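So you can see what is in the structure, the chains are spelled out below.
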Amino acid sequence: MAKTRVIYWFRTDLRLHDSPALKAALDLNPAAFWPIFTWDPHYVYRARGGLNRWQFLLDCQNDLSKSMSKLNPKLKLFVLREAPQSLFPKLFKAWEVTHLVFEKDTDSYGRERDQVVMEAAKKAGVVVIVKSGRTLWDSDEVVKKNGGEPTMSMAALRAAGGKVGKIPRLIPSPQRLPDPGEMPVDFEQDQPDPAPDLNASRRTEKDTGYKSIAGPSGDFAIETMEELGFPSATTPHRGGESIALERLDKIIQDTKYTATFEKPNTSPAQFDPPATSFLSPFLHFGALSVREFYWRVQDVVDAYGKGASSPPTSLTGQLLFRDMYFAAQAARGAVFHQTANNPSCRFIPWHLPSKTDPSTGIVTGEYHVDSDTAEAWFQRWKHGVTGFPWIDALMRQLKQDGWIHHLGRHSVACFLTRGGCYVDWERGAEVFEEWLLDHEPACNAGNWQWLSCTAFFAQFFRCYSPVAFGRKWDKEGALIRKYVPELKDLDAKYIYEPWKAPLPDLKKAGVRIKGDGLSDKEDRTYPKPMFDFNERRQICLDAMKKAYDVGLHGADKQVLDGSWKELFPDSDTSEVRGEHDTDDEDGGKKRGRESHAGEKRAKPKNTIAAAFKKQKK
DNA sequence: GTATTTGTTGCTAGT
DNA sequence: CACTAGCAACAAATA
């Protein structure tokens, strides 16, 4: 039998423990074994990612690399800087590869990319082995068992998951890793097109990541922030499998915490340490196996007996929600991330709706500014200067640290959409996509749909108050004092509503309530609240009720051809815009989602189609 | 089929 | 501090 020469392709599974795919690779008993990572231009240029997440990715790569070197000093994580689509055909030949092994990807770009690579492997006579390991159950199997439909409820997910089978148990960790073979790269490097570079605004230096396939020293080194032209990250949170396993160990040792965990009883105001596990960023990069997390918790719960919490509020319940969103995304594909053409997403005539590419039906990454007021509100929300300290603290924590508690996400998401600004959930999802360390496309889109009451959840009359909700958890305003230092000396009585504080109190605290926080920001000032919340809450409630009565969904004809507008006769005056908003300069023309009459056709910016000029089916 | 209950986590004003 | 009713009222699951 010919000797097996195996490439193990790490992607979003940056770990050695409990990896079904890695086990499959090692079971081949390779004569040559290359653990590689492809530095993919799609992520480098076409995916939004804040500095904190880039840093976290590098942390995970470096930790994994070190762990492999410990098992075999001849090994490390070999990074090759080229698009996998063009790289692999050359690699198969140059390295005389017999097998390619990787963990199944679940996102739309990942699936398209893997299809291309698998075709190339077939052509080259390379055997491809793919194993599911990113979710508790293979999402495609869950969808099949759910009648081909997206899993839109916990009940549906659990029923379908049960039919797929038992969640796989822990796989023994590798004790040794085989030697790599020779690694010639004496072939031409396909240079990526750096435009458009969605990360350009973050670079302070030129990106030099693609100078050569094997990196600046020709040793397949992991890229660095400097090479990518990025300044330092601001987050205190660090990535890597070692940290993830330590953290998990610590949680599991606390049997009471693990067995009785109930998400709604954990505080969104607690930050040091967070009230929840803080393992989601590690799950995102695959530095922790979700199945290992599940079973180690479940074993504690089973042993604990009476008094243990149960899904959906328990720790394992959180993981089930993750699988629910993954399976819903698997069923819907790319439109899961948008309203247009998404049959399970309710249509609400939000402000700042996305532009859609008529040829693909996919959003372009640009949006209509139908209201200057809404745009100003959105910018103030994004940058944490709404004048509501609870909201601002959370948004600044998100930007600075890359993580906020789940209930904090609820609070700011409700505020931006159905409970305040009436701005499209897709705008908020984009900001989270950029700033969250644990940004998981399926969970992000799903949770934004949930909070905006466009799918998964519908009780829009349950509205988070930017004052009361925070105060319930944090009377003294510790979170605000940390992330909104302008207010750190203000009396607790006014910390959630500084505009109500008497002048002497403000003076004592050394702060003035002034301006909008964006323009001409003066020292020792904090902005006035950008609207009367109770007034906005009522306007939004009425508008939501109206939209629910109309009952349109994202794939309905009226939504796609723009005729939905006839069903919302007052949509650009009273109930949607509110009394502050009198601008009507475009007469609502720009608000049609598909009928771009008189408009230049927007170029797709953030789509696979644009990146690789491939036709979507 | 209809009616009732349930659903990860609202707010206020009460006991 | 834990719990409840009332607020107005959605959609899916269950009886």
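In what follows, the structure referred to is the one given above.
Nothing here was measured: the structure is a model prediction, and the numbers come from that model. (Residues numbered from 1 in each chain as written. Chains lettered and ligands numbered in written order. Predicted model: local features only at pLDDT ≥ 70, side-chain atom pairs only at ≥ 80, totals over all residues. Heavy atoms only, no water.)

Draft legend 1. Main features of the overall build of chain A. Helix and strand counts for chain A stand at 24 helices and nine strands. Since a compact globule built from 617 residues should have a radius of gyration of about 25 Å, the 25 Å found for chain A is in line with a globular shape. Each of the three principal axes of chain A carries a C-alpha extent, and together these read 80 × 60 × 50 Å. By residue count, 59% of the 617 residues in chain A fall in the buried class. The long-range fraction of contacts in chain A, counting pairs at least 24 apart against all pairs at least 6 apart in sequence, stands at 76%. Surface exposure of chain A reaches about 25,200 Å², of which carbon and sulfur atoms provide 52%. (Helix = DSSP H or I, 4+ residues; strand = E, 2+ residues; numbered from the N terminus. Rg over C-alpha atoms; globule rule 2.2 N^0.38 Å. Buried < 20%, exposed > 50% of the residue type's maximum accessible area, 1.4 Å probe, protein only. Contact = heavy atoms within 4.5 Å. Areas by Shrake-Rupley, 256 points an atom, 1.4 Å probe, with all protein chains shown as cover.)

Draft legend 2. A look at unusual backbone geometry. Between alanine 195 and proline 196 the backbone carries a cis peptide bond, its omega angle lying at -5°. Of note, proline 196 is situated in the loop between helix 7 (154–164) and helix 8 (241–253). Of the consecutive residues aspartate 272 and proline 273, the connecting peptide bond is found in the cis state with omega at 0°. Secondary-structure assignment places proline 273 in the loop between helix 9 (255–260) and helix 10 (280–284). In this model, leucine 352 sits at a positive phi of 55°, which is unusual for a non-glycine residue.

Draft legend 3. Highlighting the protein's contact with DNA strand B. For DNA strand B, the set of nearby residues contains 19 residues, the closest of which are Pro264, His406, His410, Trp450 and Ser465. Proline 264 is positioned with one of its backbone polar atoms (N or O) 2.8 Å from a base oxygen of DNA strand B. In the model, a base nitrogen of DNA strand B is placed 3.4 Å from a nitrogen or oxygen of the glutamine 459 side chain. Along the lines of polarity and charge, the residues of the surface near DNA strand B split into 10 nonpolar, six polar and three charged. (Near = heavy atom within 4 Å. Polar contact = N/O pair within 3.5 Å; in protein donor to acceptor, adjacent residues only side chain to side chain. Nonpolar A, V, L, I, M, F, W, Y, C, P; charged D, E, K, R; others polar.)

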